[in-house]
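Examination of the molecular architecture
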Amino acid sequence: MTDEFSTFMSQPRHPPSAVAFGNFDGVHIGHRALLAEIGHISAQRSYQTTAVTFDPHPLELVNPERAPRSLDTLQWRRWWLQAVGADHVEVLKFDEQLRARSAEWFAEEILFGVLNAKLLVVFLSDAGDQSGSADGSNQVNAGGKPADNDITGWTAFAQGGTSTDTGGTDVSWDQTR
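Read on for a plain summary of the structure. (Residues numbered from 1 in each chain as written. Predicted model: local features only at pLDDT ≥ 70, side-chain atom pairs only at ≥ 80, totals over all residues. Heavy atoms only, no water.)

In this structure the tally under the stated criterion is two salt bridges. Here Asp-55 makes a salt bridge to Arg-77, at a shortest N to O gap of 3.7 Å. Here Asp-55, found in strand β2 (residues 48-55), pairs with Arg-77, found in helix α4 (residues 74-83); they are 22 residues apart in sequence, far enough to count as distant. Classification of Asp-55 by relative accessible area gives partly exposed; the value is 31%. With a relative accessible area of 4%, Arg-77 lands in the buried category. (Salt bridge = Lys/Arg side-chain N within 4 Å of Asp/Glu carboxyl O. Helix = DSSP H or I, 4+ residues; strand = E, 2+ residues; numbered from the N terminus. Buried < 20%, exposed > 50% of the residue type's maximum accessible area, 1.4 Å probe, protein only.)

Right, here's the structure in full:
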């Protein structure tokens, strides 16, 4: 059986990176604020800014009836993420093979391995159901985190939330659809 990740996993390890992890469909004001903040931290720490997203959305496989309608094509999503500050955009194909991998494997091999994440930010409103079960984001802390890495959940933009980082603008994941 051919491993879907063989090409991805064989690429050279990234330089130290601040990694934003989420679906990023629509690249709304919350995403832009998130990437601006990560870009600021990256500049201070000499990291590269990397956005990691999935195609298709994990819920299309896990719970299709709850899967959100896509707002952008993958090409536009990549373009927008780079336009708002991502040095690299990595798109992972979410399929049965990735779904079968443990959160620990994902953290160790992809996030802290190939991507060399020194700072990991999970955009919680993109998890689909806030529990993170669709993509394992609530389990990333469970294993694989090297001692010199930071993990942050970006909750300021959770569903129905208001953030002072956007001038008090309500940034609801549901409102973008």
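Let's shift gears to unusual backbone geometry. For the bond from Asp-55 to Pro-56, the omega torsion is 0°, close enough to zero to count as cis. You will see that Val-27, though not glycine, has its phi angle at about 40°, which is positive. Note that Val-27 resides in the loop between β1 (17-21) and α2 (29-45). Taking the relative accessible area as the measure of exposure, Val-27 reaches 2% and is therefore buried. If you check the backbone angles, Asn-116 has positive phi at about 55° while not being a glycine. Note that Asn-116 resides in the loop between α6 (103-114) and β4 (117-123). The buried category is assigned to Asn-116, whose relative accessible area is 7%.

Before going further, it helps to spend a moment on the pairing of β1. In terms of burial, β1 is a largely internal element, five of the five residues being buried. Where β1 meets β2, five bridges bridge the pair, whose relative direction is parallel. The partner of Phe-21 across the bridge, within β2, is Val-52. For the segment spanning β1, α2 and β2, crossover handedness is right-handed. (Pairing = 2+ DSSP bridges. Right-handed = clockwise from strand over helix to strand, strands pointing away.)

Another point: the side chain of Ser-42. Turning to its location among the elements, Ser-42 is positioned in helix α2. Accessibility expressed as a relative area gives 2% for Ser-42, which makes it buried. Other than its neighbours up to four places away in sequence, Ser-42 contacts Ala-18, Tyr-47, Gln-48 and Thr-49. (Contact = heavy atoms within 4.5 Å.)

So, on to a nonpolar patch on the surface. Nonpolar side chains collect at one region of the surface, where Trp-76, Trp-79 and Trp-80 lie side by side and expose about 350 Å² of accessible area between them. Looking at where Trp-80 falls in the secondary structure, it is placed in helix α4. Given the relative accessible area of 33%, Trp-80 is considered partly exposed. (Patch = residues over 30% accessible without salt bridge, like charges linked within 9 Å, V, L, I, M, F, W, Y side chains within 5 Å. Areas by Shrake-Rupley, 256 points an atom, 1.4 Å probe, with all protein chains shown as cover.)

Let's shift gears to the environment of His-28. Tracing the sequence through the fold places His-28 in the loop between β1 and α2. On the basis of relative accessibility, which here comes to 9%, the residue His-28 falls in the buried class. Sequence separation between His-28 and Trp-80 is 52 residues; the distance between their C-alpha atoms is 9.6 Å. Reaching out from His-28, the side chain makes a polar contact with the backbone nitrogen of Gly-30 at a distance of 3.0 Å. (Polar contact = N/O pair within 3.5 Å; in protein donor to acceptor, adjacent residues only side chain to side chain.)

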